[in-house]
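Survey of secondary and tertiary structure
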Amino acid sequence: MTTPSETPRPGAEPAKETFAAAGADVDVVGISPVREEGMLADEPLASPFDAATVAEAQALAARYPQSRSALLPMLHLVQSVQGYVSQEGIAFCGEQLGLSEAEVSAVATFYTMYKRKPCGEHLVSVCTNTLCAALGGDAIYKRLGEHLGEDGKPLGHEQTAGTPGEQGSITIEHAECLAACDLGPVLQVNYEYYDNQTPDSAVELVDALRRGEKPAPTRGAPLSDFKAVERQLAGFFPEDEEAYRIDVDGPSQAVETLRGAQLAADRGWTAPAMADDAPLPEVEAK
Ligand code: FES
């Protein structure tokens, strides 16, 4: 109990009116602020997953002897619809596969390819692992964050410039080694490679993305957008699969990648043959 002479304690201002104080004739649901956000709507909210997505989810489940094995592609399918794995998406996967939401959440939060916040049209992953970092990956990440930030505040890991999902929106993230150390520093846009980058070239790239352009990756498939790639990762390909495969089967190895093998071939170097009687380690009986 406080008296008027006591110093008020720090903290939030107490509400001037409370629902608890409302009389029986007050429609507390009607005046609730959360009603405006749709949380207390009279009608249940429409599922973001339509009949076609349900059919595709069931097709995924049918691909495996144990349907729960379809969880990884199904999470990609969810991302292809919503641009991230929402709580609704977790419930959807659980329902389709007979898993609890806790089981689905455990997987969705373990792998970094599943995003828990809505992604931009494009996901830009900058390799800041040791080799790329030493070659300039850290500088690229810093410059992109500053370039895409607002009001002097740099964009951070998994933050989006623009409105997620809308054209030209870009999410950036730190990435661990992208398995292209020979071409570092590298970055990926929607998992397609852009090799031998500099801070300036990375800024040019994101500016082109913001203008709605799709600069060709250094190698591999042409650039699309995050949701389209998620659909492919789920195992669903464009109708004209032949044309798609010609694109995807484009050059994917660089001169640098093959330099060691080429030097060995030019100089006649080969690995020593293994002796026929080379002792092999014992295999422990299980
Ligand atoms: S450290 Fe960047 S690709 Fe390996």
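Residues numbered from 1 in each chain as written. Predicted model: local features only at pLDDT ≥ 70, side-chain atom pairs only at ≥ 80, totals over all residues.

The test is simple: UniProt positions are given in the numbering used here, feature names are shortened, and annotations may be inferred rather than shown by experiment.
As annotated in an unreviewed UniProt entry, the protein chain carries the name NADH-quinone oxidoreductase subunit NuoE and comes from Prauserella cavernicola. A UniProt comment under Cofactor (unreviewed entry) is attached to the protein chain, and it reads "[2Fe-2S] cluster".

**A look at the overall build of the protein chain**
The line we're drawing: Helical segments are the DSSP runs of H or I of at least four residues, strand segments are the runs of E of at least two, and each set is numbered from the N terminus. Any residue whose C-beta has 12 or fewer other C-beta atoms within 10 Å is treated as exposed, any with 20 or more as buried, and any in between as partly exposed, C-beta atoms being built from the backbone. By definition, residue pairs are in contact when their C-beta atoms, positioned from the backbone, come within 7 Å.
The number of helices and strands found in the protein chain is 10 helices and 5 strands. Of all 286 residues assigned to the protein chain, the portion counted as buried reaches 27%. Excluding contacts between residues fewer than 6 apart, the proportion of contacts in the protein chain whose partners are at least 24 apart in sequence is 62%.

**Description of the sheet that holds strand β1 (residues 122–127)**
Two strands in a sheet stick together by hydrogen bonds in their backbones, pointing the same way (parallel) or opposite ways (antiparallel). What counts is decided by this rule: When DSSP finds two or more bridges between two strands, those strands count as paired. Angles shown run from 0 to 180 degrees and are taken between the N-to-C directions of axes, each axis being a line fitted to C-alpha atoms and, for helices, limited to the stretch in contact.
With mixed pairing, 5 strands are arranged side by side in an open sheet as β2-β3-β1-β4-β5. Strands at the two margins of the open sheet, each flanked by one partner only, are β2 (159–161) and β5 (192–194). On average, each strand axis in the sheet is inclined to that of its neighbour by 30 degrees, with strand direction left out of account. Here helix α6 (residues 130–148) sits on the sheet in contact with β1, β2, β3 (170–175) and β4 (187–189), set at roughly 145 degrees to β1.

**As for the confidence of the model for the protein chain**
Heads up, the rule is: pLDDT runs from 0 to 100 and stands for how confident the predictor is about each residue.
Scored by pLDDT, the protein chain comes out at a mean of 86, with 83% of its residues at no less than 70. Across residues 1–8 the pLDDT falls below 50, and counting only partners more than four positions away or on other chains, this stretch makes 0 contacts in the model. Below a pLDDT of 50 lies the segment residues 28–41, which in the model reaches 10 contacts outside its immediate sequence neighbourhood of four places, other chains included.

**Overview of the environment of Y244**
As for its position among the elements, Y244 is in helix α9 (residues 241–248). Distance from Y244 to P222, taken between C-alpha atoms, is 9.5 Å for residues 22 residues apart in sequence. Non-local contacts of Y244, meaning those with residues more than four positions away in its chain, are made with F237 and P238.

**Points about unusual backbone geometry**
At the junction of G184 and P185, the peptide bond is cis and its omega measures out at 0 degrees in the coordinates. Positionally, P185 belongs in the loop between β3 and β4. With phi around 55 degrees, D151 is a residue other than glycine that occupies positive phi space. Here D151 shows up in the loop between α6 and β2. Positive phi values are uncommon outside glycine, yet Y191 reaches one of about 75 degrees.

**Thoughts on helix α4 (residues 87–97)**
Short version of the rule: Throughout, the arc means the angular range of directions from the helix axis out to the C-beta atoms.
Burial in α4 covers these residues: G89, I90, F92, C93, Q96 and L97. For α4, the angular spread of the buried residues around the axis is 160 degrees, confining them to a single face. Close packing links the buried residues of α4 with α2 (51–62), α3 (71–82) and α5 (101–108). Phi turns positive, to about 65 degrees, at G98, one or two residues after α4.

**A word on the environment of V104**
Its location among the elements puts V104 in helix α5. In this structure V104 comes out as buried when scored by C-beta crowding, with 25 C-beta atoms within 10 Å. Setting aside chain neighbours within four positions, we find V104 in contact with L71, I90, C93, G94 and L99.

**Details of the nonpolar core**
The condition that has to hold: By definition, a nonpolar core groups buried Ala, Val, Leu, Ile, Met, Phe, Trp, Tyr and Cys residues that are joined through C-beta atoms within 7 Å.
M74, C93, V124, V126, L144 and V186 are the most contacted members of the largest nonpolar core, which totals 49 residues. Broken down by element, the residue count for this core peaks at 6 residues, all from α3. Residues within four places of V124 in sequence aside, it is in contact with L144, I170, T171, I172, L187, V189 and V206.

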